[in-house]
Each structure stands twice: as C-alpha cells, then as structure tokens.
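Chains, contacts and geometry: an overview
Here is what each chain is made of, one letter per residue.
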Amino acid sequence: MLETEKEKVKKDAEALQLKMYINGEWKEASDQKTRDVINPATGAVIAEAPEGTAEDAQAAIAAAKATFESGVWSDLPATERAAYLLKIADKIDEKAEELTKLETMDNGKTLREAGYDVGDAAACFRYYAGMITQPDGHTYHVADPMQAMVVREPVGVCGLIVPWNYPLLMSVWKIAPALAAGNTIVFKPSEVTPVTPTKLLEIFEEVGLPAGVANMVMGAGPVVGNEIASHKDVDMVSFTGGTKTGKHIMKTAADTMKKVSLELGGKSPNIIFADSDFETAVDYALFGIYAGAGQVCSAGSRILVEESIYEKFLARFAERAKEIRVGDGSDSKTEMGPLVSQEHLDKVLSYIEIGKEEGARLLCGGERLISDGLDKGYFVAPTAFADTTQEMRIVQEEIFGPVVAIQPFKDEEEAIRLANDSDYGLAGAVFTVDGAKGLRVIKKLRAGITWINSYHPTYNEAPWGGYKQSGIGRSLGTFGLEEFQEVKQININLEVEPIGWFEK
Ligand code: NDP
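Counting restarts for each chain, with residues numbered from 1 along the sequence as it is written. Local features in this predicted model are restricted to residues whose pLDDT is 70 or higher, and side-chain atom pairs enter the listing and the counts only when it is 80 or higher, whereas totals over whole chains, interfaces and linings include all residues. Based on all heavy atoms of the structure, the side-chain values leave hydrogens and waters out of the count.

Moving on, we come to the overall build of the chain. We count a stretch as a helix when DSSP gives it H or I for four or more residues in a row; a strand needs E for two or more, and each element gets its number in order from the N terminus. Helices and strands together make up the secondary structure of the chain, namely 16 helices and 23 strands. Each radius of gyration reported is based on C-alpha atoms, and the globular scaling rule is 2.2 Å times the count of residues to the power 0.38. In summary, the chain has a C-alpha radius of gyration of 24 Å against a globular reference of 23 Å for 504 residues, a match within 12%. Its C-alpha atoms give the chain principal-axis dimensions of roughly 85 × 60 × 40 Å. Summary of the burial criterion: residues with accessible area below 20% of their type's maximum are buried, those above 50% are exposed, and those between are partly exposed, where the area comes from a 1.4 Å probe applied to protein chains only. When the 504 residues of the chain are sorted by exposure, 56% land in the buried category. Residues count as neighbours in contact if any of their non-hydrogen atoms are within 4.5 Å of one another. Long-range contacts, defined here as pairs at least 24 residues apart, represent 73% of the contacts in the chain between residues at least 6 apart. The convention is simple: Lys and Arg are positive, Asp and Glu are negative, and His and the chain ends are not counted. A single reference atom marks each charge: NZ on Lys, CZ on Arg, CG on Asp, CD on Glu. Charged side chains of the chain number 52 positive and 76 negative; the gap between the two group centres comes to 2 Å.

Set out below in structure tokens:
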C-alpha cells in the first residue's frame, strides 16, 4: 500500500495506541519505535504497537524477578490468588463483546470463532482458580525416624511466548496456570496480533494484580523473544508457534538450563473409514481443516479415506467446500475469514503452487480471492488436493492455511502407517461406527490429541500437546499446571539426635 494511502486508512480507523506493561506501568519502546497492526480482512491499520527492544525485555525480566522474590504473589495463599483469577474471568465476560470484535479485527477469524475463544479464555481462568485451591503434594512411608513429603512450588520467572492464531486464548492457556501456580511472568504476544493481549493486561490492572506480577513486552521474536529465551533470570520458557522457532528456543534455553515447554506445529491425519456416518465425516473433515482458515496447529490437514468411498467423498467434500462463505470475519454471515498477514498469504499461495507442481489433483479452490471487495484482504479459497502421496511436500510440511491433502487407503493397517508417516504428532481423528476399530486405530496413532467421530473440540480439563516434533510438555488440565511448578522433596528427622556415622 502507498504511504499516503496507508496514512489515510490509519486516520480513518483511529488506530489504537498500544503500550507494553512493565512493573505496573504502560511503556513505549525504549527507542520509541512502533509497528502498524493490520486488519487482515481490509488492510486497514487498526493499531500502533511498540517495537520493543532487548533492553525493554530486560526491564520486564528484572521486574518479574524482583516481584517473585518479594513474595507478594508467590507467598499469597492460593485462595487469594484464585480470587484474582476469578475477578479476571468475570472481567473477560463483561468485556466479551469488545474482545470478540477486536480479536476478529486483529486476527481475521470470524465473530463466531472469536466469541468461542473469549468464552474459553474466561473459563480457563476459572478452571485454574479452582484447581490451585485443591490439595496437592504427597507424603511417603520411608524408614523411621524420617518422614518424607513432596510439595509443589512455582518455577519462578516464566517467559511466555505466543503466536498469532489464537492471540487471546493461547495467551490465557499459559498465563492462567502460570499465575495460579504463583509465578511471575514476562509475556510476549505475536507482533502481528497484540491487541487482545493488551486488553487482557488492562484487565489485570483493573483487578489490582500487584505490579510486576504480569509484564508484557512486544516486538520481534528474534529480538524480544530471544532475550526471554536466553536470559539467565528467566527460569522457564513456555512457547507456542512453529517447530523451527521451537527448536531455536530449545537450543537458546539450553545455555541457562531453563525448563522448556513447547507447543509446535502439526500435520494431523483425519482417517475416514467406509463404515463411518458419511455426512458426519464430511462435515467434520471440512471443520477440521477450514476452521480458523486452517491456521490451527491441530488442523486435520491430511485426510485419509478408505478406497471404496474415496471418489464419493471427494465429490461431496468439494461440493461443500465451494459453498463456504469466505469474507470479513466481522460480517456475521462469514464462515471463513482471511489469513493473518500478507507474509502468511504469500507462504500459503506458494504451497498451492508446490501442490500443483508436485502433480496433486486440485479438487477445489487453489487461488487468492479478490472479487466482491476482498482485494484488500488476505483471502484464500478453501482448497483441497486429491491423490496426494507421502513424498509430496504438501503432505509432509505444515501449510497452516485452508489447504488439505486427501489420499486413499486400502485397509486399517495402511491407514495407520500413512497417518504416522510424519515428523509431527500433534493430533488425529478416526471416523467409523465400529467402536473397537476406532479405538484400535487411535491407540496406534503417535499423536497427543485425538478424536473418534469428531474433530477439534478442546477442553480445559484435558491435556493439550504433541508427540514427536510437535512439542514437549502439555497445556491445560492438571498437566498444564504442573508445567509451571517445581517439585520439592522435604525430609524431616523425627528423632533429633546425631547420626553417629563417624566415630568421635
Ligand atoms: P513463530 O514460531 O515464528 O512465532 C511464534 C512466536 O514466537 C511469536 O511471538 C514470535 O514473535 C516468536 N518468535 C519468533 N522468532 C523467535 C525467536 N528467534 N526467539 C524467540 N521467539 C521468537 O510462528 P509464526 O507466527 O511466524 O508462524 C510461522 C509458522 O509457525 C506458521 O506458519 C505455522 O506453521 C506455525 N505456527 C504454529 C502454531 C501452533 O499453534 N502450533 C501457531 C502459530 C504458528 P513475532 O511473531 O512477534 O516475531
């Protein structure tokens, strides 16, 4: 976009002026640099965000460290920490409409999708508020006169780095358990989608969370994120994003031996047997790949269909995919929004070209959408390639857009082999009305999140994370809290007298 045109759109949109939140104060970047935040449906500048520096990250880390050591949060009784979390949840509910609209403007997802995210964010705070007040720890029967026990403690300063596909919800999946456990945090949203994360930090201020407990820095991953991953005063780094970045973070964190939790990409198989309920399987296959315009780590981006129903499935899938209403997510009739940025649009379009060059059969879509006023946004038609094979890049690499690879399989054994032939192991699903077969296949699947006769539902109660190169550790559930806790054994001598090991 030309500079003058850009300035005009910015003025028209009354761009929000975002700031970072460090030690209870709203701050610009130390060098005053900013970055435009774009609505991916219209190309309008909706906000200006600080382009934070390594010094800004250091200030946030210092605040988090001092606050942790002060005990103002970590020593608070769990019921009092829980009370803050419950107030945050109530505020999210109060502001649900505003948060939903902002999430749609910033990320592009539909109002319906954003609405679910906001509701889930409030529920996640409530869930961990409840969990942290429950009894934990263990005692052990060891040899007299000793008594051994284990207590759980906060890790300390937690660095939380999140992506752009669920700007609010991915932040909350980390922040809620980290705060519940008594940690202080240095949080970095994606530079592409910092709007609802900023609103969340405003809520923290409104409910009176003590200064320095939650700190937020913005800016480029290789600058601000890298400082968080490498700094010696950060005790843990919890990251969600691409596998390539995750590997880099793991290596960076190794120098200071930080605890590392990684939720990375996927190329998840959706296995459809001939005995499945046909319309249910087609419906969930569409939902599995095109929800969030395919920008979902667990997306069902490989569909494996039993040979006898393969052509029938392709025909029905393409027919339904062509009917999906693509447009600005803020229009309530829209069913699929744009991709998040120009850069990501270019990446997804390049994979569509790769699919064509590799000889896959283009079933539907395969192009950018620019008519009917979509030309300023980053829209791609729901795309499906059929007759794909294992060596194709569109089968092996994460595209992270509305592009699916569909291929046939002969029998159960082949379905499992194809499904597991991936560097990733995040999610997977099976469609069949044969309950035993469904469970048999799921048990063989090397993936952390699975469904039978369903795709996508996610629960605060259940652990979320991957096998293989899809990550290390789990979010949500009891596992999600334990990620943010250390375990300490305490051994108490009940007969206080010398051990007498060495003669006097
Ligand atoms: P990245 O992995 O690049 O970014 C995720 C987060 O990490 C962002 O906050 C980013 O900062 C930050 N980051 C980037 N580089 C570094 C670094 N060197 N050190 C520390 N932090 C860093 O993902 P993208 O957002 O660019 O998306 C790229 C691909 O990642 C997608 O195409 C998709 O394949 C995958 N992805 C997977 C997700 C999942 O949930 N599993 C979610 C999102 C993406 P910033 O962006 O601000 O520079």
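Quick look at the layout of surface pockets now. Every definition here rests on a 1 Å grid over the protein atoms only: cavities are sets of points where a 1.4 Å probe fits but cannot get out, pockets are open sets enclosed by protein on both sides within 12 Å along at least five of seven lines, and lining residues have some atom within 4 Å of a point. Grid points are joined across faces, edges and corners, and a volume is the space filled by probe spheres set on the points. By volume, the largest pocket is sized at about 1600 Å³. Around the largest pocket sit 47 residues that line it, and Trp 164, Gly 241, Gly 242, Thr 245 and Glu 343 are the ones nearest its centre. Contributions of two or more residues to the lining of the largest pocket are made by strand S4 (34–38), helix H8 (221–230), strand S11 (236–240), helix H9 (243–254) and helix H12 (342–357). Each residue is assigned to one of three groups, with Ala, Val, Leu, Ile, Met, Phe, Trp, Tyr, Cys and Pro labelled nonpolar, Asp, Glu, Lys and Arg labelled charged, and all others, Gly among them, labelled polar. Residues of the lining of the largest pocket, tallied by class, amount to 18 nonpolar, 18 polar and 11 charged. Boundaries between domains were set according to an automatic or database domain assignment. Residue-level mapping places the lining of the largest pocket at the junction of two domains, with at least three residues from each of domain 1 (53–264 + 470–489) and domain 2 (269–452). Lining the second largest pocket are 45 residues, with Glu 113, Tyr 116, Phe 287, Ala 291 and His 456 sitting closest to its centre. Going through the elements one at a time, helix H5 (111–132), helix H6 (167–180) and helix H10 (278–290) are the ones with two or more residues in the lining of the second largest pocket. With 6 residues, the single largest contributor to the lining of the second largest pocket is H5. In terms of residue class, the lining of the second largest pocket is built from 20 nonpolar, 12 polar and 13 charged. Domain assignment of the residues forming the lining of the second largest pocket places at least three in each of domain 1 (53–264 + 470–489) and domain 2 (269–452).

So, on to the sheet that holds strand S5 (residues 45–50). The strands that make up a sheet are held in pairs by hydrogen bonds between backbone atoms, and each pair lies either parallel or antiparallel. The strand order across the open sheet built from 3 strands is S1-S5-S4, with neighbouring strands paired in mixed fashion. The open sheet has two edge strands with one neighbour each: strand S1 (16–17) and S4. Relative to S5, S1 runs parallel, the two sharing 2 bridges. If you follow Gln 17 over to S5, its bridge partner there is Glu 48. Every angle, taken between N-to-C directions, lies between 0 and 180 degrees, and every axis is a line fitted to C-alpha atoms, over only the stretch in contact when it is a helix. Across the face of the sheet, helix H4 (residues 96–107) comes into contact with S1, S4 and S5 while running at roughly 100° to S4. Pairs of strands are assigned from DSSP output, requiring at least two bridges between the strands.

Closest axis-to-axis distance for the H10/helix H11 (residues 310–322) pair is 10 Å, and the angle between their directions is 55°. Judged on the interaxial angle alone, H11 and H10 are oblique. The chirality of how H10 crosses H11 is right-handed. Seen from H10, the contacting residues are Phe 278, Glu 279, Val 282, Asp 283, Ala 285, Leu 286, Ile 289 and Tyr 290; seen from H11, they are Lys 312, Phe 313, Arg 316, Phe 317, Arg 320 and Ala 321. Note that the term roughly parallel is reserved for angles under 35 degrees, roughly antiparallel for angles over 145, roughly perpendicular for angles of 65 to 115, and oblique for everything else. We call a crossing left-handed when the near helix sits turned anticlockwise from the far one by less than a right angle, and right-handed when that turn is clockwise.

Proximity criterion: a residue is near a molecule or strand once any of its heavy atoms comes within 4 Å of it. Taken together, 30 residues sit near the ligand, with Trp 164, Lys 188, Leu 264, Lys 347 and Glu 398 positioned nearest. Here a polar contact is recorded for every N or O atom pair within 3.5 Å, except that within protein the pair must consist of a potential hydrogen donor and a potential acceptor, and residues adjacent in sequence are included only if both atoms are side-chain atoms. One nitrogen or oxygen atom from the main chain of Glu 191 is found 2.7 Å from an oxygen atom belonging to the ligand. At 2.8 Å from an oxygen atom of the ligand is found a main-chain nitrogen or oxygen belonging to Gly 221. Using a 1.4 Å probe, accessible areas were evaluated by the Shrake-Rupley method; residue-level cover was limited to the displayed protein chains. Isolated, the ligand exposes 860 Å² of accessible area, and the fraction of that covered by the protein chains is 87%. Put plainly, a molecule is in a cavity or pocket when over half of its atoms are within 2 Å of the grid points there. Placement of the ligand is best described as lying within the largest pocket. Breaking the shell around the ligand down by element, the ones donating at least two residues are H8, S11, H9 and H12. Residue composition of the shell around the ligand, by class: 12 nonpolar, 13 polar and 5 charged.

Moving on to the packing of H6 against helix H7 (residues 195–206). Packed helices, taken two at a time, are described by the angle between their axes plus the distance between the axes. In the contact formed by H6 and H7, the axes pass within 9 Å of each other and the chain directions differ by 35°. As for the relative orientation of H6 and H7, their crossing is right-handed in sense. On H7, the residues touching Pro 167, Leu 168, Ser 171, Val 172, Ile 175 and Leu 179 of H6 are Thr 196, Pro 197, Leu 200 and Phe 204. Residue classes in the contact of H6 with H7 are distributed as 8 nonpolar, 2 polar and no charged.

The subject of this paragraph is the sheet that holds strand S17 (residues 403–409). Pairing is mixed in the open sheet, where 7 strands are placed in the order S15-S16-S17-S14-S13-S19-S20. Looking at strand neighbours, the two that pair on one side only are strand S15 (361–364) and strand S20 (449–452), the edges of this open sheet. Between one strand axis and the next, the sheet turns by 20° as a mean value, whatever way the strands run. As paired strands, strand S16 (residues 383–386) and S17 are joined by 3 bridges and run parallel to one another. Among the inter-strand pairings, Thr 383 is bridged to a residue of S17, identified as Val 403.

A few words on the domain arrangement of the chain. Note: interface size is frequently given as the accessible area lost on complex formation between the parts. For the chain, the domain assignment lists domain 1 (53–264 + 470–489) and domain 2 (269–452). Between domain 1 and domain 2, the C-alpha centre-to-centre distance is 31 Å. Listed by partner, the interface residues are 16 residues for domain 1 and 19 residues for domain 2. What counts as buried area is the accessible surface, traced by a 1.4 Å probe, that two parts surrender upon association, with contributions from both included. Of the roughly 1400 Å² buried at the junction of domain 1 and domain 2 (both faces included), carbon and sulfur atoms supply 60%. Area buried by domain 1 at its contact with domain 2 is led by Thr 110, Trp 164 and Ser 470, which between them contribute 35% of it.

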